[in-house]
Amino acid sequence: MATQGFASCHFVILAFCWVYIRKYQSRQESEVISTITAICALAVALITSALLPVDIFLVSFMKYPNGTYKDWAAINETRKQIEDTVLYGYYTLYSIVLFCVFFWIPFVYFYYEEKDEDNVSKCSQVKNALKYTIGFVIVCAALLLIGVSAGSGERLLIFLISYHRTFVPLPPPSRQNSTQWEKVQYLFKELGSRDGVAALSFSISSLTLIGMLAVITYTAYGMSALPLTLIKGVRSVRYERLENTEDTEQVEQRIGKLKAKCGDGRPLSMRDRRTLQDLETRLQTLRRQARHLEVAERDCCTKVGGALRPLKILLGVFFFLVALLFVAALFISNLDKALHSAGINTGFVIFGTNLTNPLNELLLALQPVFPLDYVLITVITVYFVFTSMAGIRNMGIWFFWMRLYKIRPERTRPQALLFLCMILLLIVLHTSYMIYSLAPQYVMYGSQKYQLQTPQTTAVTTKICDADAPEDQCTITRTYLFLHKFWFFSTVYYFGNWAFLAVFTIGLMVSCCKGKKSVIEGEVAADDSDFSDDEYVH
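Reading guide: rules and limits
- Residues numbered from 1 in each chain as written.
- Predicted model: local features only at pLDDT ≥ 70, side-chain atom pairs only at ≥ 80, totals over all residues.
- Heavy atoms only, no water.
- UniProt positions renumbered as here; feature names shortened; annotations may be inferred.
- Helix = DSSP H or I, 4+ residues; strand = E, 2+ residues; numbered from the N terminus.
- Patch = residues over 30% accessible without salt bridge, like charges linked within 9 Å, V, L, I, M, F, W, Y side chains within 5 Å.
- Areas by Shrake-Rupley, 256 points an atom, 1.4 Å probe, with all protein chains shown as cover.
- Salt bridge = Lys/Arg side-chain N within 4 Å of Asp/Glu carboxyl O.
- Buried < 20%, exposed > 50% of the residue type's maximum accessible area, 1.4 Å probe, protein only.
- Phe/Tyr/Trp six-rings, centres within 6.5 Å; stacked < 30°, edge-to-face > 60°.
- Lys NZ or Arg CZ within 6 Å of the ring centre and 35° of its normal.
- Axes fitted to C-alpha atoms, helices over the stretch in contact; angles between N-to-C directions.
- Parallel < 35°, antiparallel > 145°, perpendicular 65-115°, else oblique.
- Left-handed = near helix turned anticlockwise from the far one by under 90°.
- Nonpolar A, V, L, I, M, F, W, Y, C, P; charged D, E, K, R; others polar.
- 1 Å grid on protein atoms, 1.4 Å probe; cavity = no way out; pocket = protein on both sides within 12 Å on 5 of 7 lines; lining within 4 Å.
- Points joined across faces, edges and corners; volume = space filled by probe spheres on them.
- Core = buried A, V, L, I, M, F, W, Y, C linked by side-chain atoms within 4.5 Å.
- Contact = heavy atoms within 4.5 Å.
- Disulfide = S-S within 2.5 Å.
- pLDDT = per-residue confidence, 0-100.
- Expected span 1.5 Å × (residues − 1).
- Polar contact = N/O pair within 3.5 Å; in protein donor to acceptor, adjacent residues only side chain to side chain.

Under the annotation held in an unreviewed UniProt entry, the protein carries the name Lysosomal cobalamin transport escort protein LMBD1 and is attributed to Electrophorus electricus. Quoted verbatim from the Sequence similarities (unreviewed entry) field of UniProt, the annotation for the protein is "Belongs to the LIMR family. LMBRD1 subfamily."

Chemist: I tried to follow the UniProt feature "coiled-coil region" (unreviewed entry) in the protein on my own but got confused; where do I start?
Modeler: Look at the UniProt record and you will see "coiled-coil region" (unreviewed entry) annotated at residues 269–296. The straight-line gap between the two end C-alpha atoms of residues 269–296 is 40 Å; of that span, 96% is helix and 0% is strand.

Chemist: Can you walk me through a nonpolar patch on the surface in this structure?
Modeler: Residues Val32, Ile33, Ile36, Phe99 and Trp104 make up a contiguous nonpolar surface patch of roughly 470 Å² in combined accessible area. If you list the elements that add at least two residues to the nonpolar patch, you get α2 (32–61) and α3 (76–115). For the nonpolar patch, the element with the highest residue contribution is α2, accounting for 3 residues. Within the secondary structure, isoleucine 33 is located in helix α2. The exposure class of isoleucine 33 is partly exposed, given its relative accessible area of 41%.

Chemist: For this particular structure, what's the right way to read the packing of aromatic side chains?
Modeler: Any two aromatic rings considered together are summarised by their centre-to-centre distance and by the angle between their planes. Counted by the stated rule, this structure contains 27 aromatic pairs. Here the aromatic rings of phenylalanine 319 and tyrosine 383 are separated by 5.3 Å at their centres, their planes lie at 45 degrees, and the arrangement is tilted. You can see phenylalanine 319 sitting in helix α10 (residues 309–340) and its partner tyrosine 383 sitting in helix α12 (residues 372–395), a full 64 residues away along the chain. Each member of the pair, phenylalanine 319 as well as tyrosine 383, is classed as buried. Geometrically, the ring pair formed by phenylalanine 489 and tyrosine 493 is stacked, given 6.4 Å between the ring centres and 25 degrees between the ring planes. Note that phenylalanine 489 and tyrosine 493 are positioned in helix α16 (residues 487–513) at a spacing of 4 residues, about one turn of the helix. On the basis of relative accessible area, phenylalanine 489 is assigned to the buried category, the value being 4%. An aromatic cluster of at least three residues, connected via ring pairs, comprises Phe99, Phe103, Trp104, Phe107, Tyr111 and Tyr112. A cation over an aromatic ring shows up here: lysine 63 above the ring of tyrosine 69, its NZ or CZ 4.7 Å from the ring centre. We note arginine 79 situated over the ring of tyrosine 69; from NZ or CZ to the ring centre the distance is 4.1 Å.

Chemist: Even after reading the chapter, I still don't get the packing of helix α7 (residues 237–261) against helix α8 (residues 270–298), so can you show me in this structure?
Modeler: The angle between the axes and the distance between the axes are what describe a pair of packed helices. Running from N to C, α7 and α8 cross one another at 155 degrees; their axes reach a closest spacing of 9 Å. Compared by their axis directions, α7 and α8 come out roughly antiparallel. The handedness of the crossing between α7 and α8 comes out as left-handed. Tallied by class, residues from the contact of α7 with α8 come to 10 nonpolar, 4 polar and 14 charged.

Chemist: Sorry if this is basic, but what is going on with empty space enclosed by the protein here?
Modeler: To find leftover empty space, one rolls a probe the size of a water molecule over the atoms. Within this structure, the stated rule accounts for 6 cavities of 30 Å³ or more. Considered as a void within the structure, the second largest cavity measures approximately 100 Å³ in volume. Looking at the second largest cavity, the residues that line it are Tyr221, Ala225, Leu228, Thr229, Lys232, Gly233, Ser511, Lys514, Gly515, Lys516 and Lys517. When residues in the lining of the second largest cavity are grouped by element, the largest group, 5 residues, is from helix α6 (residues 194–232).

Chemist: Hey, could you run me through the nonpolar core in this one?
Modeler: Side chains that are nonpolar tend, in soluble globular proteins, to be buried together. Membership of the largest hydrophobic core comes to 116 residues, with the highest contact counts inside it found for Phe326, Ile392, Leu425 and Phe500. Look past the residues within four positions of phenylalanine 326 in its chain and what remains in contact with it is Met223, Ile380, Phe384, Met434, Leu438 and Phe500.

Chemist: Explanation requested: the state of the cysteines in the structure shown.
Modeler: Here, the word disulfide means a covalent bond between the sulfur atoms of two cysteines. Across all of its chains, the model carries 1 disulfide by this definition. Two residues, cysteine 465 and cysteine 474, share a disulfide whose sulfurs are 1.9 Å apart. Between cysteine 465 and cysteine 474 the sulfur-sulfur dihedral comes to about -80 degrees; the bridge is accordingly left-handed. A relative accessible area of 1% places cysteine 465 in the buried class. The closest cysteine sulfur to the non-disulfide-bonded cysteine 100 is located on cysteine 40, 7.9 Å from its own sulfur.

Chemist: Before we go on, may I ask you to explain the confidence of the model for the protein in this structure?
Modeler: For any part of a model where pLDDT is low, the fine detail of the predicted coordinates should not be relied upon. Summing up the model confidence of the protein, the mean pLDDT is 77 and the portion of residues at 70 or higher is 82%. No element of the protein has a lower mean pLDDT than helix α5 (residues 180–191), which averages 45, and none a higher one than α10, which averages 89. Below a pLDDT of 50 lies the segment residues 152–178, which in the model reaches 42 contacts outside its immediate sequence neighbourhood of four places, other chains included. Of the regions scoring below 50 in pLDDT, residues 183–193 engages in 18 contacts with residues more than four places distant in sequence or in other chains.

Chemist: What is the right way to read the side chain of threonine 475 from this model?
Modeler: Within the fold, threonine 475 resides in the loop between β4 (460–464) and α15 (478–483). With residues up to four places along the chain from it excluded, the contact list for threonine 475 reads Val59, Met62, Tyr69, Arg79, Glu83, Met444, Tyr445 and Gln448.

Chemist: Would you explain the layout of surface pockets in this entry?
Modeler: Considering only enclosed or pocket space, the second largest pocket measures out at about 680 Å³ in volume. As for the second largest pocket, its lining consists of 21 residues, and the residues nearest its centre are Ile210, Trp398, Phe419, Ile423 and Leu426. Those elements giving two or more residues to the lining of the second largest pocket turn out to be α3, α4 (122–152), α6, β1 (397–399) and α13 (414–438). Top element by residues in the lining of the second largest pocket is α6. It accounts for 6 residues.

Chemist: Teacher, can you tell me more about α2 here?
Modeler: The periodicity of an α-helix, 3.6 residues per turn, causes residues three or four positions apart to be oriented the same way. The end-to-end C-alpha distance of α2 is 42 Å, a good match for the 44 Å that 30 residues give at a rise of 1.5 Å each. With respect to burial, α2 is a largely interior element, 24 of its 30 residues being buried.

Chemist: Before we go on, may I ask you to explain α7 in this structure?
Modeler: The end-to-end C-alpha distance of α7, which contains 25 residues, comes to 37 Å, matching closely the 36 Å that a straight helix rising 1.5 Å per residue would cover. For α7, the complete set of buried residues consists of Val237, Glu240, Asn244, Thr248, Val251, Ile255 and Leu258. Packed against the buried residues of α7 are α8 and α9 (300–307). Backbone nitrogen of arginine 238 and a side-chain oxygen of the N-cap are separated by 3.4 Å at the start of α7; the cap is serine 236.

Structure, rendered in structure tokens:
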């Protein structure tokens with residue numbers, strides 16, 4: 001049932017991705033390949049995030065509320081088959097993520113970067129794009145090899161000593177006279193074994209570290225800004241047009257006064273020339289804003305948005321409460337790890353919960369009313385992804401202190417959309433660990449319970465599955481197994497959670513101090529340039 005629901009949402013996800021990409025895509029620079037790549041990459045990100053609720057549902061669906069296995073799940077082979085199916089789903093999606101991040105998106109990005117050059121043939125575009133993409137492929141291969149080495153306990157690097165030795169940190173085949181092709185076959189066989197799982201896990205965990213930085217930057221801000229934006233609303237179009245008219249008249253008067261100084265042929269001073277240039281730039285921006293405000297006043301979407309104002313306020317309040325629940329649960333979870341874990345050398349891993357986690361308790365309390373707990377964990381997952389998208393849209397694409405691209409409706413360059421999808425892919429990889437931090441016990445075992453017979457009496461009690469439960473009585477989600485392959489990643493994630501809380505608090509204070517947004521927010525800016533996607537007004 002869960003797998004059917006998971007499959008049925010694919011069409012909805014693809015439809016949403018198509019609408020979202022087409023909404024922000026530049027009409028002048030749209031390309032078929034970049035559009036398809038962006039839609040598919042965004043769909044992979046959303047489908048990957050949707051697998052976590054399905055994983056939790058499947059391990060929970062195996063048992064009755066009294067802690068006994070259902071008839072169809074009482075056989076170990078059946079449970080193993082379901083676990084393997086979910087695991088293969090993770091393998092497939094994570095492998096596609098690696099393919100998108102390390103090959104397909106970089107290739108398409110560099111292909112269109114080369115297209116901006118004059119007199120460049122298609123063959124040269126493909127060749128140069130492949131040349132730059134090879135660097136990403138080498139990094140991916142290095143991560144896989146390091147992961148295999150870490151999983152098998154072999155040395156990290158083995159140097160190429162002779163032609164007959166293969167540069168892979170794996171034990172060679174038993175036969176001394178094995179060929180190079182047999183060694184390559186052995187490598188792929190190992191990548192499908194336990195060491196291959198470690199290699200994939202190491203590669204995904206490495207990307208998750210980058211995703212953690214994106215979560216701290218974009219998701220934390222989006223989670224604080226999106227609810228307050230919905231609650232505050234936007235400024236009145238009529239008031240903005242009146243204000244724009246007054247500002248335009250003032251700037252024109254100042255320009256007229258400066259030009260009057262040179263009416264008799266005398267040149268302007270250096271200071272006056274700089275002031276005049278700034279005022280003319282400001283006047284151009286105001287006139288563009290006036291055209292956009294005129295269009296916005298006639299737009300039916302603006303009128304519908306005004307009619308739906310009460311609904312937006314309710315939605316903003318709901319998002320704000322979800323954000324507070326999210327932050328409170330994350331803070332308590334991190335505090336629990338700081339107080340009760342074995343320390344930094346174990347990745348701050350704890351078994352069970354020692355402090356009352358509101359989200360974990362809420363999920364457990366909703367278990368008797370099917371399917372409220374699954375609805376809540378799905379809402380949290382979707383909320384996490386959509387606040388990330390809102391943060392990227394509001395902030396744009398940055399590289400340290402330089403803004404590379406802006407994300408604006410109908411004016412976003414293909415390269416910017418590819419960047420957007422890559423960042424979302426990395427954020428989704430970190431989503432599973434963030435949600436595990438929010439509700440560790442629930443993410444590990446779902447709503448499973450088990451029966452425990454006390455030694456003194458024959459009475460049987462039903463308990464919620466935790467780390468003390470017998471191994472054959474509780475099934476751990478596949479997500480948890482991926483999250484804790486390497487303790488040092490968990491350590492970095494732990495400190496990343498504290499950074500997330502700090503950025504969220506700062507973003508919340510900034511959002512509270514800011515006024516209402518303009519109805520044309522982000523459509524017109526004074527610093528528009530070719531590199532940040534010039535707007536086009538016809």
